[in-house]
Amino acid sequence: MTGLFDRELGQLQAAHLARLRRQVQPAVAPADLAAHDEALRATTYLIDGKVRLSFGGNDYLGLSQHPALLAAAHEAINRYGVGATASPLVCGHSPEHEALEWELAERVGLPRALYFYAGYAANVGAVPALVSRGDAIFSDALNHACLIDGIRLSRADSHVVPHADLGALAQALKASTARRKLVITDAVFSMDGNVADVPALLELCERHDAWLMIDDAHGFGVLGAHGEGTLAHHGIAGVNGVSPAWRGRLDRLIYMGTLGKAAGVAGAFVAGEPSMIEWLMQKARTYMFATAAPAMVAAPLRAALRVMNDEPQRRAHLDALRQRLREGVRAARLPWALMPSETAIQPLVIGSNEDALAVMDRLDEQGVWVPAIRPPTVPEGTARLRISLSAAHTLEQVDQLVTALAQASRSRQLKQA
Ligand SMILES: *Cc1c(COP(=O)(O)O)cnc(C)c1O
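These numbers come from a predicted model, not from an experiment. (Residues numbered from 1 in each chain as written. Predicted model: local features only at pLDDT ≥ 70, side-chain atom pairs only at ≥ 80, totals over all residues. Heavy atoms only, no water.)

### Quick word on the nonpolar core
Proteins that are soluble and globular tend to have nonpolar side chains buried together.
1) Next: The biggest cluster of nonpolar side chains holds 92 residues, and the ones touching the most others in it are Leu385 and Ile387.
2) Next: No other element matches helix 13 (residues 295–310), which puts eight residues into this core.
3) Next: Residue contributions to this core reach at least three from each of two domains, namely domain 1 (20–54 + 312–411) and domain 2 (70–310).
4) Next: Not counting chain neighbours up to four residues away, the residues in contact with leucine 385 comprise Gln346, Pro347, Leu348, Ile350, Ala356, Val359, Met360, Leu363, Val370, Pro371, Ala372 and Leu405. (Core = buried A, V, L, I, M, F, W, Y, C linked by side-chain atoms within 4.5 Å. Buried < 20%, exposed > 50% of the residue type's maximum accessible area, 1.4 Å probe, protein only. Helix = DSSP H or I, 4+ residues; strand = E, 2+ residues; numbered from the N terminus. Domains from an automatic or database assignment. Contact = heavy atoms within 4.5 Å.)

Have a look at this one:
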């Protein structure tokens, strides 16, 4: 048995596809923390014992170290303890969870929301609860792995549609005779950073009587004037409710957002029509048969929602960082280009797995941590550095990244560069 695994692990190594797990912790100890140094804690880490400036996390607003969230977590520990003790339907659903759900629904402008312990669980649980054998799913080719797993579990017929190809999607919907049709897409694509054309998708779904599920893991908190996410970005819905043009037209929408990225904590939610949400609560197996996230996780999420609303300067700063990076990369005349992204995800396409790893190592030597993303996470030949910006970064830190990239591009060990 071990011989088999050793052989297969060897093949992963040879294809430069083996992944390395590192031990990561904030480099600045809480005891050293001067007022407002949480930004340093959210960007500067000890990675395997070495201090690194990180562009690897999805802490887009820098909330993972925000004092208001930390205080809310401490208070919840004092009140509730550390464990939820059971699934939400048994006795794991606290007043914190209940309040969080209503606040999430209000934030995205939809009637009701259900909180899951993880985004992976939300997708893997929701999709099979919505559709089953005999139904049809239309899935964007670049959808996140956990949507794909949810689709497989559902046993519905799956049609993979070329990325962001509305024409191909229209044709596939038209040709389908399935009883239920569900279109599924990332709202912000996790490895590319581009935003799906949700209004056009909704209109297409109206025309073909399909449901639309969007996964806003990378839009929630980042897009929209109040961090409502991709729906607000497109003027569909947000803190002020559903916009007049879309009123009465969102009952086919299933919105999913995650809370371990911009919201800085953990978990996810699905929002939409009350009866659909009630159905998920009754039927999503990852909701029913898993221990609830503890209240010490739900409580800081409520604080995160307040911060997202009260500190819009975090999103403005994120925009400034993005512009600084894009201008810097252009001026440095790197042999690689940033993908066209208006979000915090700024991927730099390198090409081969080997080169992507080499650039990552060159950056690491200069004290900068950016993860290389390889197949199967991204298509063959498009291995990339997934630069992830956070409102906790400074403009100077972005300059430091650009300088390190320029230095790495001059390295002779790279084949293509
Ligand atoms: C991260 C991610 C998820 C999974 O969410 P977790 O809360 O990390 O389990 C789902 N969908 C997309 C697009 C993601 O990027």
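### Overview of the domain arrangement of the protein chain
1) Next: According to the domain assignment, the protein chain contains domain 1 (20–54 + 312–411) and domain 2 (70–310).
2) Next: Across the contact, 18 residues belong to domain 1 and 22 residues belong to domain 2.
3) Next: Buried surface at the junction of domain 1 and domain 2, summed over both partners, amounts to about 1,300 Å²; 58% is from carbon and sulfur atoms.
4) Next: Inspection of the region where domain 1 meets domain 2 yields one salt bridge.
5) Next: The partner of arginine 384 in a salt bridge is aspartate 192, with the nearest N and O atoms 3.2 Å apart.
6) Next: In this structure, the connection of domain 1 to domain 2 is made through nine residue pairs in polar contact (both at pLDDT 80 or more).
7) Next: For the side of domain 1 that touches domain 2, the secondary structure elements donating two or more residues are helix 14 (313–331), strand 14 (345–351) and strand 17 (383–388). (Buried area = accessible area lost by both parts, 1.4 Å probe. Salt bridge = Lys/Arg side-chain N within 4 Å of Asp/Glu carboxyl O. Polar contact = N/O pair within 3.5 Å; in protein donor to acceptor, adjacent residues only side chain to side chain.)

### Notes on the site of the ligand
1) Next: Around the ligand, 14 residues are found, and the nearest of them are Gly119, Tyr120, Asp215, His218 and Lys261.
2) Next: The side chain of aspartate 215 places a nitrogen or oxygen atom 2.6 Å from a nitrogen atom of the ligand.
3) Next: Measuring from an oxygen atom of the ligand, one finds a side-chain N or O atom of histidine 218 at 2.5 Å.
4) Next: If one sorts the elements of the shell around the ligand by residue count, helix 6 (residues 119–130) sits on top with three residues.
5) Next: The class makeup of the residues in the shell around the ligand is four nonpolar, seven polar and three charged. (Near = heavy atom within 4 Å. Nonpolar A, V, L, I, M, F, W, Y, C, P; charged D, E, K, R; others polar.)

### Let's talk about the pattern of salt bridges
1) Next: Per the counting criterion, the structure on display carries 13 salt bridges.
2) Next: The closest approach of N and O atoms between arginine 324 and aspartate 399, which form a salt bridge, is 2.8 Å. In this pair, arginine 324 is assigned in helix 14 and aspartate 399 in helix 16 (residues 395–409), connecting sequence segments 75 residues apart.
3) Next: Judged by relative accessible area, which is 30%, arginine 324 ranks as partly exposed.
4) Next: The network of salt bridges with common partners includes Glu96, Glu103 and Arg302.

### Some words on empty space enclosed by the protein
1) Next: All chains considered together, the criterion is met by one cavity of 30 Å³ or more.
2) Next: Along the walls of the largest cavity sit 14 residues, with Pro88, Tyr115, Tyr117, Tyr287 and Ala292 positioned nearest its centre.
3) Next: If you list the elements that add at least two residues to the lining of the largest cavity, you get helix 4 (88–92), helix 5 (95–108), strand 4 (112–116) and helix 12 (285–288).
4) Next: Across the lining of the largest cavity, the residue classes tally to eight nonpolar, five polar and one charged. (1 Å grid on protein atoms, 1.4 Å probe; cavity = no way out; pocket = protein on both sides within 12 Å on 5 of 7 lines; lining within 4 Å. Points joined across faces, edges and corners; volume = space filled by probe spheres on them.)

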